[in-house]
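Structural overview for review
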Amino acid sequence: MSYDVAIIGAGPAGSAAAYRLADAGARVLLLDKATFPRDKPCGGGVTGRAARLLPFSIEPVVEDVADRLECGLRYRQRITRQARAPLAYMTQRRRLDHFLLQQAADAGAEVRQGETADARELDARIVIGADGCNGASAKQLGLADRVAHGVALEANYPYERRYAGAMVLEIAVIRGGYGWIFPKGDHINVGVGGNGEEAPKLRAELRRMCEEYGIDPDAAQETRGYRLPMRLPGTRLARGTTAVIGDAAGLVDPLSGDGMYEAFYSAKLVAEAALEVLAGRAENLDPYQAGVERRIAPLTRAGWSAKRAFERFPRTTYALARLPVTFRALAKLLEGDLPHPAAARGGELAAIRAIYAVSRAAAAAAGTTGSRSAASS
């Protein structure tokens, strides 16, 4: 049987795209090598802005709702900020991904579990790779070949009620990243993540994160590490009637390491572009690439800027980030009321610009250091 669209990978991006396309009447094949429900290493937080992108509610799989941010800088200068709306919905990937897959199937997509295929050999007018950063579809399609990688390590620990309703973040415990504590229904998820070269330090830093917060590090269960793909500017995500989305496209925020928003947004953008092709109003998926550059890339650039600032000048950047006016802008971003940081206004915009200024100083300092190193070598 020939399909309008074949999608490899039934994670959040793949299932969301399959739902949109099948719901619009397309003949959709959705493949995944795993059998669901299956788990994936991930903090399991779905921001308010990410949840808004779905055409249905994820309430059936939400285990906690975080509307409070508890934050520190290397286990000092801790602050608590209360948001007016949910910052993130806490779930588990084994539940969320299965739920999304079921939505796609209910919309009419043909789902094949425990099966995969070469993206170049599928009998479909349009082929979409959504099999994550470790999948083969991007390479097979010759797409997303310029991607940097961060790393993370997480584990689950016995539930502690004190973390209910909270997102706990410890900034700069790992270069280029942070540590976290996220509450779930019957446990808490604790993790650390940062730049790729920090991988050898992750296990020790995860243990310290637990010790600093009074969590027994030896109670860890399901400890697992994973890579975080981060697309570099100009990376091609579509060619002809093929495309990659979500983690397969490297669409992960460089600062937060979160890819759920980008997964759902890229699914929406590629579905819109695919439907235009199927209707005969477009010849290719280039509009998807343009949509990513217009809608997602500004957030990615902002993430790289903030990441650079926290890496080079963590205390200065944290001093700006902890200001109430900065938190208001952050809350609006996470809730979906602000499309990207540069869209802020008034004092919120001034605070964002101050962080950008630190980022520019960090870039200049890095360039100076590089020049000196080159001159001395």
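Up top is the structure.
Scope of this entry: the structure provided in the associated data block. (Residues numbered from 1 in each chain as written. Predicted model: local features only at pLDDT ≥ 70, side-chain atom pairs only at ≥ 80, totals over all residues. Heavy atoms only, no water.)

**Structural notes on the sheet that holds strand S14 (residues 221-231)**
- Taken in spatial order, the seven strands make up an open sheet running S6-S5-S11-S12-S13-S10-S14, and their pairing is mixed. Strands at the two margins of the open sheet, each flanked by one partner only, are strand S6 (76-82) and S14. Taken over all neighbouring pairs, the strand axes of this sheet differ in orientation by 20 degrees on average, direction set aside.
- Relative to S14, strand S10 (residues 147-158) is paired through nine bridges, and the arrangement is antiparallel. Each residue of the ladder has a partner; that of Ala148, found in S14, is Met230. (Pairing = 2+ DSSP bridges. Helix = DSSP H or I, 4+ residues; strand = E, 2+ residues; numbered from the N terminus. Axes fitted to C-alpha atoms, helices over the stretch in contact; angles between N-to-C directions.)

**With respect to the packing of helix H7 (residues 286-312) against helix H8 (residues 314-321)**
- Between H7 and H8, the least distance of the axes is 5 Å, while the angle of their chain directions is 125 degrees. By the angle between their axes, H7 is oblique relative to H8. Of the residues in H8, those touching H7 at Ala309, Phe310, Glu311 and Arg312 are Pro314, Thr317, Tyr318 and Ala321.
- When grouped by side-chain class, the residues that make up the contact of H7 with H8 number five nonpolar, one polar and two charged. (Parallel < 35°, antiparallel > 145°, perpendicular 65-115°, else oblique. Contact = heavy atoms within 4.5 Å. Nonpolar A, V, L, I, M, F, W, Y, C, P; charged D, E, K, R; others polar.)

**Focus: unusual backbone geometry**
- Residue Pro37 is bonded to the preceding Phe36 through a cis peptide linkage, with omega at 0 degrees.
- By the secondary structure assignment, Pro37 is in the loop between strand S2 (28-32) and strand S3 (45-47).
- The phi dihedral of Arg74 is positive, around 50 degrees, even though this residue is not glycine.
- One can find Arg74 in the loop between strand S5 (68-73) and S6.
- Relative accessible area serves as the criterion here: at 35%, Arg74 is assigned to the partly exposed category.
- With a phi angle near 50 degrees, Ala144 is a residue other than glycine that sits in the positive phi range.
- Inspection of the secondary structure puts Ala144 in the loop between helix H4 (137-141) and S10. (Buried < 20%, exposed > 50% of the residue type's maximum accessible area, 1.4 Å probe, protein only.)

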